[in-house]
Amino acid sequence: MRERNGSGYFDPTADAAIYKADRDTDKRWYKDYYGLRYSDAYEVYGLTRTGCCGCAISANAVDELERIRPYEPQLVKAAWAVFGDSYRYRQQYNAYRDARRAAARMEKAESCLAGRP
């Protein structure tokens, strides 16, 4: 366990931030040292996640496809041909999920205003 200020207190959030910063620095050094180039998906299209392009499991697949459409229109067309039903279902689910979250926030706010925990 890593000590924080000698107190022995472990803060997983702070450790995760330190680890991510170290990891990002290491990746940048490795890329520069070996003269590597990332996929166009990251360096040109601006995607930030790893995984298969158009992955039907991704919550943001449609947004990602629209982001790459100007660069890879045939890939986007093929992904929609194969996974279109899944994308449409995921969009419906995302809308449902967002509505449920909004309703829960509203309910919590109303109960706080009414003095209930």
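Structure: see above.
Before going into details, it helps to say that this report is about the structure given with it.

Conventions we followed
For every chain, the first residue of the written sequence is number 1, and numbering continues from 1 onward in sequence order. Given that the model is predicted, a residue must reach a pLDDT of at least 70 before its local features are reported, and side-chain atom pairs must reach 80 or more before they are shown or counted; all residues, however, enter totals for whole chains, interfaces and linings. Excluding hydrogens and water, the side-chain figures rest on all heavy atoms present in the structure. Only runs of H or I of at least four residues qualify as helices and only runs of E of at least two qualify as strands under DSSP, and these elements are numbered from the N terminus. Burial here depends on accessible area, computed with a 1.4 Å probe over protein chains only, as a share of the maximum for the residue type. Under 20% is buried, over 50% is exposed, and the range in between is partly exposed. Only heavy atoms enter the contact rule, under which two residues are in contact if any of them lie within 4.5 Å. Exposure was quantified through the Shrake-Rupley algorithm and a 1.4 Å probe, taking into account, for residues, occlusion by the shown protein chains and nothing else. Within this document, salt bridges are pairs made up of a side-chain nitrogen of Lys or Arg and a carboxyl oxygen of Asp or Glu, the two lying within 4 Å of each other. To estimate how far a helix should extend, the number of its residues minus one is multiplied by 1.5 Å. Throughout, bend refers to the angle between the axes fitted to the seven residues that end at a position and the seven residues that start at it. Here, nonpolar core refers to any group of buried Ala, Val, Leu, Ile, Met, Phe, Trp, Tyr and Cys residues whose side-chain atoms link them within 4.5 Å. Throughout, an axis means a line fitted to C-alpha atoms (over the contacting stretch in the case of helices), and angles, computed between N-to-C directions, take values from 0 to 180 degrees. Working rule for angles: under 35 degrees goes down as roughly parallel, over 145 as roughly antiparallel, 65 to 115 as roughly perpendicular, anything else as oblique. Crossing handedness is defined as follows: a turn of the near helix away from the far one that is anticlockwise and smaller than a right angle gives a left-handed crossing, while the clockwise case is right-handed. Residues are sorted three ways: Asp, Glu, Lys and Arg are charged, Ala, Val, Leu, Ile, Met, Phe, Trp, Tyr, Cys and Pro are nonpolar, and all the rest, Gly among them, are polar.

Let us now look at the overall build of the chain. Summing up its helical and strand segments, the chain has 4 helices and 0 strands in all. Going residue by residue from the N terminus, the α and β elements of the chain occur as α-α-α-α. Residues counted as buried form 16% of the 117 residues belonging to the chain. In the chain, once contacts between residues fewer than 6 apart in sequence are set aside, the share between residues at least 24 apart is 23%. As displayed, the chain has an accessible area near 9400 Å², and 56% of this comes from carbon and sulfur atoms.

Let us look at the pattern of salt bridges. For the coordinates displayed, the defined rule picks out 6 salt bridges. Lys31 is the salt-bridge partner of Glu43, the closest N and O atoms lying 3.2 Å from each other. Pair noted here: Glu43 is in helix H2 (residues 40–43) and Lys31 is in helix H1 (residues 12–34), with a separation of 12 residues, a long-range link. Its relative accessible area of 37% is what places Glu43 among the partly exposed residues. Using a relative accessible area of 19% as the deciding quantity, one classes Lys31 as buried. As a salt-bridge pair, Arg97 and Asp98 come within 3.2 Å of each other at their nearest N and O atoms. By relative accessible area, Asp98 is classed as partly exposed at 39%. Linked through salt bridges whose partners overlap, the residues forming this network are Lys31, Arg37, Asp40 and Glu43.

A few words now on helix H4 (residues 73–113). Taking 1.5 Å of rise per residue, the 41 residues of H4 would be expected to cover 60 Å, yet its terminal C-alpha atoms sit only 50 Å apart, more than 12% below that figure. Within H4, the axis deviates most sharply at Phe83, by approximately 80 degrees. Within the sequence span of H4, burial applies to Val76, Ala79, Gly84, Tyr87, Asn94 and Ser111. Next to the buried residues of H4 lie helix H3 (61–68). Of the residues one or two after H4, Gly115 is the one with positive phi, at around 85 degrees.

This next bit is on the nonpolar core. Core analysis: the biggest nonpolar cluster contains 10 residues, these being Ala41, Tyr45, Leu47, Ala61, Val62, Leu65, Ile68, Val76, Ala79 and Tyr87. Among the secondary structure elements, those contributing two or more residues to this core are H3 and H4. When residues in this core are grouped by element, the largest group, 4 residues, is from H3. Beyond its immediate chain neighbours, meaning those up to four positions away, Ala41 contacts Gly46 and Leu47.

Another point: the packing of H3 against H4. Between H3 and H4, the shortest axis-to-axis distance is 10 Å and the interhelical angle comes to 150 degrees. As summarised for this structure, H3 and H4 are arranged roughly antiparallel, according to the angle between their axes. Both H3 and H4 take part in a crossing whose hand is left-handed. Seen from H3, the contacting residues are Ala61, Val62, Leu65, Glu66 and Ile68; seen from H4, they are Leu75, Val76, Ala79, Trp80, Tyr87 and Gln91. A breakdown of the residues in the contact of H3 with H4 according to their chemical character gives 9 nonpolar, 1 polar and 1 charged.

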